[in-house]
Each structure stands twice: as structure tokens, then as C-alpha cells.
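Commentary on secondary and tertiary structure
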Amino acid sequence: MAAFLSSDLFTAVWAEVQSASSLEVAAVLTGVACVWLAARNSIWNFPIGIINGLLYLVVFKQAKLYSDAGLQLAFISLLIYGWVKWLRGAATPDAPQLPITRTPRHVGWWLSGAGLLYAVVAGVLLSRHTDAALPYLDSSTTAISLAAQTLLSRRNLENWLLWIGVDVVYIGMYWHRHLYLTSGLYVVFTGLAVYGYWQWRRELRMQEAQPQQIAA
């Protein structure tokens, strides 16, 4: 019986994946490329990310995930900010000199407060004035994603921890809204975020060891 249900579920999901729009497929592909480039410290994650944001703006609007749709506009703004910030500190496009740092405490508190405020206010507005599918979950994941993108643009290590947590939630949320391809994308995103954290943490340790080596 369990095997039958599993097979039946797989068939249904595969049918949904096959029926995914070309727009969602393009969004998935650019999304994977964007996160991979960010984990590899490539400045090209920003232009690819902007394209990805424009694609998902339409995809999420069609799925009635309005907070996530609006999130893409904020993402695009933060991506432009990060692109400029990295360019100013980069000798070459693939070798940014902007150092990886840990998140200052005051920045963490500020983002936490702003994120909580956004999650509550946006959740109330979405639940009362739209036909949003998951208003409070949608607004909460949006708030965390904005905080994570802000830290990524600043090259703060902890951005990856936020991405890991919110990506796990997104897997279930998009599955619930029958965006199976996008749900699978966030499984990949979770793995890439784990890799990004490991990669950035290793580079941060190397940065911190350099002054000691010079002094020695």
C-alpha cells in the first residue's frame, strides 16, 4: 500500500514538473546559477540574480504568493547595491577584495527588529486585503530572505545560516502551492547554502590568519 501511494505521488509530482511553465524552468536554472556563483565568490551572481528576480516576480504572482513576488523587487534593489559594493572593492570581476566579515551585533539586532515588524505588518495586510495562500508564512520567509540578502551584499558570513533555515521552509511552502520544480530548486539551494557557509568560513579563517603570518 505504501509503495502504491509513493508511486502514485511520484507520478503526480512528475506530471506537475513536466507541466511547469518555461518561465519557471528559466527561473530555476538562473536561481541555481546565482547561488552557485555567490558561494564561489563570483561577482557574476549579481546580474544573474537580477534576471532570476524578474522571472520569479511573475512566477510567484501567478501562484498568489504576493509577498514573495514583492520580495523579488527588494532582491533586485539589494543585488544592485551588492553589485556596486563588490565592484568598488574588486580588482577583477572574479576576485572581490571586499573582505568576508562576521555580522556586527548592531546590524543583527537592527535586521531582527525590522524583519519581525515586516513579517507581522505584511502578514496582516496580506491576510485581510488579498487572497494570499499563506500570508503569515509568506511574509515571515520574505523578511528572513531580505535579511539574508542584505548580509550577503555586505559579505557577512552569517547570511548563509539564514539562507539554510529559510530554504528548508521554502521547500515545504512551494510544494504546498504545487510549485514542485521550485520546491526541488530549494533542496538544491539548501545544499548550496551549506557549501557557501563552509567555503566562506574557510576563507574567513584564511583572512584572519594572514595578519598573524605577516607578524610572525
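These notes cover the structure that comes with them. Owing to the predicted nature of the structure, the values given are computational and were not obtained by experimental measurement.

With that out of the way, let us pick up the overall build of the protein. Counting its secondary structure elements, the protein contains eight helices and two strands. Burial statistics for the protein: of 216 residues in total, 42% are counted as buried. The long-range fraction of contacts in the protein, counting pairs at least 24 apart against all pairs at least 6 apart in sequence, stands at 72%. When the accessible surface of the protein is totalled, it reaches about 11,600 Å², and 68% of it is carbon and sulfur.

A separate point is unusual backbone geometry. Unusually for a residue other than glycine, R155 sits at a positive phi of about 60°. You can see R155 is positioned in the loop between α6 (135-153) and α7 (159-176). Judged by relative accessible area, which is 2%, R155 ranks as buried.

Looking now at the nonpolar core. Of all hydrophobic cores here, the largest spans 39 residues; its most connected members are Y56, F60, W160, W163, Y170, Y174 and W200. If you list the elements that add at least two residues to this core, you get α2 (22-39), α3 (45-62), α4 (66-88), α6, α7 and α8 (180-215). Among the elements that make up this core, the one with the highest residue count is α8 (seven residues). When sequence neighbours within four positions are dropped, the list of residues in contact with W200 reads A38, A39, N41, W86, I100, L152, R155, N156, L157, N159 and W160.

This paragraph deals with empty space enclosed by the protein. Under the definition given, this model contains one cavity of 30 Å³ or more. What the largest cavity holds in volume is close to 360 Å³. Listing elements by their share of the lining of the largest cavity, those giving two or more residues are α2, α3, α4, α6, α7 and α8. Of the residues assigned to the lining of the largest cavity, the class counts are 16 nonpolar, seven polar and two charged.

Before going further, it helps to spend a moment on a nonpolar patch on the surface. Taken together, L116, L117, V120, V121 and L125 make up a surface patch of nonpolar side chains, about 480 Å² in accessible area. Relative to the helices and strands, L117 resides in helix α5 (residues 105-129). The exposed category is assigned to L117, whose relative accessible area is 56%.

This part takes up α7. Over its 18 residues, α7 extends 26 Å from the first C-alpha to the last, a length consistent with the 26 Å expected when each residue adds 1.5 Å. Of all the residues in α7, the buried ones are N159, W160, W163, V166, D167, Y170, M173 and Y174. Just downstream of α7 lies H178, where phi reads positive at about 65°.

So, about the packing of aromatic side chains. A complete count under the given rule lists eleven aromatic pairs for this structure. When the centroid spacing of 5.6 Å and the interplanar angle of 85° are considered together, the rings of W160 and W200 count as edge-to-face. With W160 in helix α7 and W200 in helix α8, this pair connects stretches of sequence that are 40 residues apart. Of the two residues, W160 and W200, both sit in the buried class. Relative to Y180, the ring of W175 lies with its centre 4.6 Å away and its plane at 75°, an arrangement referred to as edge-to-face. Of the residues examined, W175 reaches a relative accessible area of 37% and is grouped as partly exposed.

The next point concerns the packing of α3 against α4. Geometry of a packed helix pair, given as the angle between the helix axes and the separation of the axes. Look at α3 against α4: their axes get within 8 Å of each other, and the N-to-C directions meet at 170°. Here α3 is positioned roughly antiparallel relative to α4, judged by the angle of their axes. Contacts from N45, F46, P47, G49, I50, G53, L54, Y56, L57, F60 and K61 in α3 reach Y66, D68, A69, Q72, L73, I76, L79, I80, G82, W83 and W86 in α4. The residue makeup of the contact of α3 with α4, split by class, is 15 nonpolar, five polar and two charged.

Scoring rules and cut-offs
In every chain, residue numbers begin from 1 and rise along the written sequence. Totals for whole chains, interfaces and linings use every residue, but because this is a predicted model, local features are given only for residues with pLDDT of at least 70 and side-chain atom pairs only at 80 or more, for both listing and counting. Side-chain numbers here rest on the full set of heavy atoms in the structure, without hydrogens or water. Helix and strand definitions here come from DSSP, where helices need a minimum of 4 consecutive H or I residues and strands a minimum of 2 consecutive E residues; each element is numbered from the N-terminal end. Exposure is judged per residue with a 1.4 Å probe applied to protein chains only, and the accessible area is read against the type maximum: over 50% gives exposed, under 20% gives buried, and values in between give partly exposed. The contact rule is simple, with two residues in contact once any of their heavy atoms fall within 4.5 Å. Surface accessibility in these figures is a Shrake-Rupley result with a 1.4 Å probe; residues are shielded only by whichever protein chains are displayed. Residues belong to a common nonpolar core when they are buried Ala, Val, Leu, Ile, Met, Phe, Trp, Tyr or Cys residues joined through side-chain atoms within 4.5 Å. Every definition here rests on a 1 Å grid over the protein atoms only: cavities are sets of points where a 1.4 Å probe fits but cannot get out, pockets are open sets enclosed by protein on both sides within 12 Å along at least five of seven lines, and lining residues have some atom within 4 Å of a point. Grid points are joined across faces, edges and corners, and a volume is the space filled by probe spheres set on the points. Only Asp, Glu, Lys and Arg are considered charged, only Ala, Val, Leu, Ile, Met, Phe, Trp, Tyr, Cys and Pro nonpolar, and every remaining residue, Gly among them, polar. Patch membership needs two things, relative accessible area over 30% and no salt bridge, and members are linked within 9 Å if like-charged or within 5 Å if nonpolar (Val, Leu, Ile, Met, Phe, Trp, Tyr). Every case where a carboxyl oxygen of Asp or Glu lies within 4 Å of a side-chain nitrogen of Lys or Arg is listed as a salt bridge. Helix span is expected to be 1.5 Å times the residue number reduced by one. Two aromatic rings from Phe, Tyr or Trp, using only the six-membered ring of Trp, form a pair when their centres are within 6.5 Å; if the ring planes differ by under 30 degrees the pair is stacked, by over 60 it is edge-to-face, and anything between is tilted. Axis definition: a line fitted to C-alpha atoms, over the contacting stretch in the case of helices. Angles run 0 to 180 degrees between N-to-C directions. Between 65 and 115 degrees an angle is taken as roughly perpendicular, under 35 as roughly parallel, over 145 as roughly antiparallel, and anywhere else as oblique.

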